Amino acid sequence: TYMTTTDLIELLPSGWNELTLKDYQNTLDIVFDDENIGDDSLRVLTIADNMIKVASRLTGINEDAISGLPVQDVSRIVKRLSFIRALPEPLKNPKYKWKTSFNMSYDDFINYIQLAEDPLNNLHLIVKSFITNQLSDDDILNTPVDELYTGFFLLKKQLKRHTQITLKSLILKIAVATIK
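The present account deals with the structure reproduced in this document. Residues take numbers from 1 onward in each chain, read along the sequence in its written order. It should be noted that, the model being predicted, local features are given only for residues of pLDDT at least 70 and side-chain atom pairs only at 80 or more, the latter also being counted only at that level, while totals for whole chains, interfaces and linings use all residues. To get the side-chain values, take all heavy atoms of the structure and skip hydrogens and water.

This next bit is on the nonpolar core. To define a nonpolar core, start from buried Ala, Val, Leu, Ile, Met, Phe, Trp, Tyr and Cys residues and group those joined through side-chain atoms within 4.5 Å. Exposure is judged per residue with a 1.4 Å probe applied to protein chains only, and the accessible area is read against the type maximum: over 50% gives exposed, under 20% gives buried, and values in between give partly exposed. The biggest cluster of nonpolar side chains holds 36 residues, and the ones touching the most others in it are Leu19, Ile77, Leu81, Trp98 and Val127. Note on conventions: DSSP H or I runs of at least 4 residues are helices, E runs of at least 2 residues are strands, and numbering of each starts at the N terminus. Of all the secondary-structure elements, those providing two or more residues to this core are α1 (5-11), α2 (21-25), α3 (40-59), α5 (71-81), α6 (106-115), α7 (123-130) and α9 (145-179). Ranked by residue count, the leading element in this core is α3, at 7 residues. The criterion used for residue contact is that any of the two residues' heavy atoms lie within 4.5 Å. Filtering out sequence-adjacent residues up to four positions away, valine 127 remains in contact with Trp98, Ile140 and Leu148.

Listed below in structure tokens is the structure:
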């Protein structure tokens, strides 16, 4: 079956709300380190090469077949996937509920600290540990990235604030104990 460039582009997500965690994790090893490239032409080529890799991973179409397309078609692919170059915006009304720093156990906190050392590769484990909804591994892997990023972003923000408050409290208690 012959596939047109338009068919190919339709297979690609156009935003974080269309990219599942499973597909996202399949592209994590593609490094977008083009910001420090001074030569504009080289920078554009590097971006295009990376987007071709992403498109190949997301569609299963060989990179050579995609890079063999006309420049204007590759440009359309790059434009379609351009959302990947920025982090998703947290959703205002996320679908899933997450544990907060006030209702998680100490074990949850330690688990989070360990998983957060490699948050992108451990995102599905963080979700499973900290989401209050009952979801299967498949449900988590098929959830759009923006939904999961929202929970992860809020959890990280809460934990940072909670840790700062706890540290200030400990320092105050130590100072008071030292004075006595």
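Axes, fitted as lines to C-alpha atoms, cover a helix only where it is in contact. Angles between the N-to-C directions of the axes lie from 0 to 180 degrees. Remark: α3 packs on α5, axes separated minimally by 9 Å, with the N-to-C direction vectors making an angle of 75 degrees. Relative to α5, the element α3 lies roughly perpendicular. The segment α3 lies against α5, with Ile47, Ala48, Met51, Ile52, Val54, Ala55 and Leu58 engaging Val74, Ile77, Val78 and Leu81. Roughly parallel refers to an angle under 35 degrees, roughly antiparallel to one over 145, roughly perpendicular to one between 65 and 115, and oblique to any angle outside these ranges.

For the rest of this paragraph, the subject is the side chain of aspartate 146. Mapped onto the elements, aspartate 146 comes out in helix α9. Here aspartate 146 sits buried without a salt bridge, and the closest side chain of opposite charge, lysine 95, lies 9.3 Å off (N-O distance). Filtering out sequence-adjacent residues up to four positions away, aspartate 146 remains in contact with Trp16, Asn17, Pro88 and Leu91. When charges are counted, Lys and Arg contribute as positive and Asp and Glu as negative, whereas His and the chain ends are disregarded. By definition, a salt bridge exists where a carboxyl oxygen of Asp or Glu is found within 4 Å of a side-chain nitrogen of Lys or Arg.

Those residues of α6 that fall on the buried side of the exposure criterion are Asp108, Tyr112 and Leu115. The buried residues of α6 occupy an angular sector of 70 degrees when the element is viewed end-on, so they sit on one face. For α6, exposure combined with an orientation more than 90 degrees from the buried face picks out Tyr106, Asp107 and Gln114. The arc in question is traced by the directions running from the helix axis to the C-beta atoms.

A few words now on the pattern of salt bridges. Under the definition given, this model contains 3 salt bridges. A salt bridge links arginine 76 to aspartate 73; the shortest N-O distance between them is 3.5 Å. Of the two residues, arginine 76 and aspartate 73 are both situated in helix α5; the distance of 3 residues between them amounts to about one turn of the helix. Classification of arginine 76 by relative accessible area gives partly exposed; the value is 38%. The partner of aspartate 137 in a salt bridge is lysine 128, with the nearest N and O atoms 3.1 Å apart. On the basis of relative accessible area, aspartate 137 is assigned to the partly exposed category, the value being 48%.

A few words now on α5. Taken together, the buried positions of α5 are occupied by Asp73, Val74, Ile77, Val78 and Leu81. For α5, the arc enclosing every buried residue in end-on projection is 145 degrees, short of the 170-degree limit, so these residues lie on one face. Relative to its buried face, α5 has exposed residues pointing more than 90 degrees away, namely Val71, Gln72 and Lys79. Elements that come into contact with the buried residues of α5 comprise α1, α3 and α4 (63-67).

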